[in-house]
Amino acid sequence: MMGSIFEKCREVNDLLESGDEVSARNELIKMLAQVEDDGLEYTQLINHLIRGVGLFPYMEPSTSSWQERFVFEAFKVDVGDDEPITLHREQSRLLASLLDGKSVAVSAPTSFGKSFVIDSFISIKNPSNIVILVPTIALADETRRRLQKKFGSKYKIITTADQELAAKNIFVFPQERAIGYFEKFDAVDILVVDEFYKASKAFDKARAPSLIRAIARIGKMAKQKYFLAPNISHLADSPFTKGMEFLRLDFNTVFLKKYELYKDIGKDEQKKSDVLLRILDDNSGKTLIYAGTYSNIKKIENLLMVSLEAKKSELLHTFHKWLG
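> Would you take a moment to explain unusual backbone geometry for this structure?
For residues that are not glycine, phi is negative in most cases, and the peptide bond is trans in most cases. Of note, the phi angle at Asn-126 is positive, near 50°, even though the residue is not glycine. Position of Asn-126 among the secondary structure elements: in the loop between helix H6 (114-125) and strand S4 (129-134). Under the relative-accessibility criterion, Asn-126 is labelled partly exposed at 35%.

Put into structure tokens, the structure is as follows:
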């Protein structure tokens, strides 16, 4: 088994030496999953390759050389938790730009770890007023809970327009709720906009006007701006992003393996049902099924009820009663 890991290490190293860091990182991530599944120890060589692709948090200090241990410690920052955490290379680069006072628009994969950058900025700079605009109420609530746990003792976390301001505030809103606070903002140290591309009507015709209005009003009083989105190739000319530095960080920390089964299935409903049941049978963990339409949800529901054996579960029974 270690022989195959060594061969994989050589493959990753060859990719690095040829300048193909993205492929090297993808292959390394797959190799680390294999190492973990097989219960193997990270060797100095593996830690060295992890450092080479910039995934510093993945290193195992106990089996690293002193150079890798130094990097692991050098990239640690305060993110509001009990202990500092190690950022990966591109997180550290982005945080450095924000700490320098720059306004930054960044394109990065969803696995990038943008929340660590925001939290570290708050911990280090201690701004008085932070406004975070998020696309959904669910994400606003998730963000609120994360920030409350970390910064609740120093900041008032505000998510509705009827809350009074404190000396230090973090506002977390979908764009529609932010409009109700326009007159209450005195000064904003940093405006954070998640999925800022939705300010374009080409992406979200219904909600774009309210996001444009929120960015325009709050952006005028913000000393600094931090806009985030996945898969943006360039920054178009816009008064909202004027003077902002654009960083395109094609830096993934996970690898998604896709099986394009639809090419074989086509429009054959029976094949689709058979494949779905086989996938469920082969995987013992949790599965998320995207149905797309209400009619498809009903089809899948009927398929599962007919094909799968009912499980006796007190939790499911309680959930069933609650739904009823």
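> Explain a nonpolar patch on the surface to me, please; I cannot follow it from the model alone.
Judged by side-chain polarity, Tyr-259, Leu-261 and Ile-279 come together as a nonpolar surface patch covering roughly 290 Å² of accessible area. On the secondary structure map, Ile-279 appears in helix H11 (residues 269-282).

> How should the sheet that holds strand S3 (residues 104-107) be read in this particular structure?
In sheet architecture, strand pairing relies on hydrogen bonds along the backbone and comes in two forms, parallel and antiparallel. Taken in spatial order, the 7 strands make up an open sheet running S5-S6-S4-S7-S8-S3-S9, and their pairing is parallel. Pairing within the sheet leaves two strands with one partner each, and these edge strands are strand S5 (156-158) and strand S9 (245-248). Neighbour-to-neighbour, the strand axes of the sheet open up by a mean angle of 15°, direction not taken into account. Where S5 and strand S6 (residues 169-174) come together, 3 bridges link them in parallel fashion. Along S6, the bridge assignment pairs Lys-156 with Asn-169. Sheet contacts for helix H9 (residues 208-221): S4, strand S7 (190-194) and strand S8 (225-229); angle to S7, the most-contacted strand, approximately 165°.

> What is the right way to read the side chain of Asn-47 from this model?
Residue placement: Asn-47 occurs in helix H3 (residues 44-52). Take Asn-47: its relative accessible area is 0%, and that puts it in the buried class. At 2.8 Å, the side chain of Asn-47 forms a polar contact with the backbone nitrogen of Glu-60. Among the polar contacts made by the side chain of Asn-47, one reaches the side chain of Ser-64 at a distance of 3.4 Å. Once you skip the residues sitting within four places of it in the chain, Asn-47 turns out to touch Tyr-42, Met-59, Glu-60, Thr-63, Ser-64 and Glu-68.

Cut-off values and rules
- Residues numbered from 1 in each chain as written.
- Predicted model: local features only at pLDDT ≥ 70, side-chain atom pairs only at ≥ 80, totals over all residues.
- Heavy atoms only, no water.
- Helix = DSSP H or I, 4+ residues; strand = E, 2+ residues; numbered from the N terminus.
- Buried < 20%, exposed > 50% of the residue type's maximum accessible area, 1.4 Å probe, protein only.
- Patch = residues over 30% accessible without salt bridge, like charges linked within 9 Å, V, L, I, M, F, W, Y side chains within 5 Å.
- Areas by Shrake-Rupley, 256 points an atom, 1.4 Å probe, with all protein chains shown as cover.
- Salt bridge = Lys/Arg side-chain N within 4 Å of Asp/Glu carboxyl O.
- Pairing = 2+ DSSP bridges.
- Axes fitted to C-alpha atoms, helices over the stretch in contact; angles between N-to-C directions.
- Contact = heavy atoms within 4.5 Å.
- Polar contact = N/O pair within 3.5 Å; in protein donor to acceptor, adjacent residues only side chain to side chain.

Honestly, that's just the spatial picture; any functional story needs more than this.
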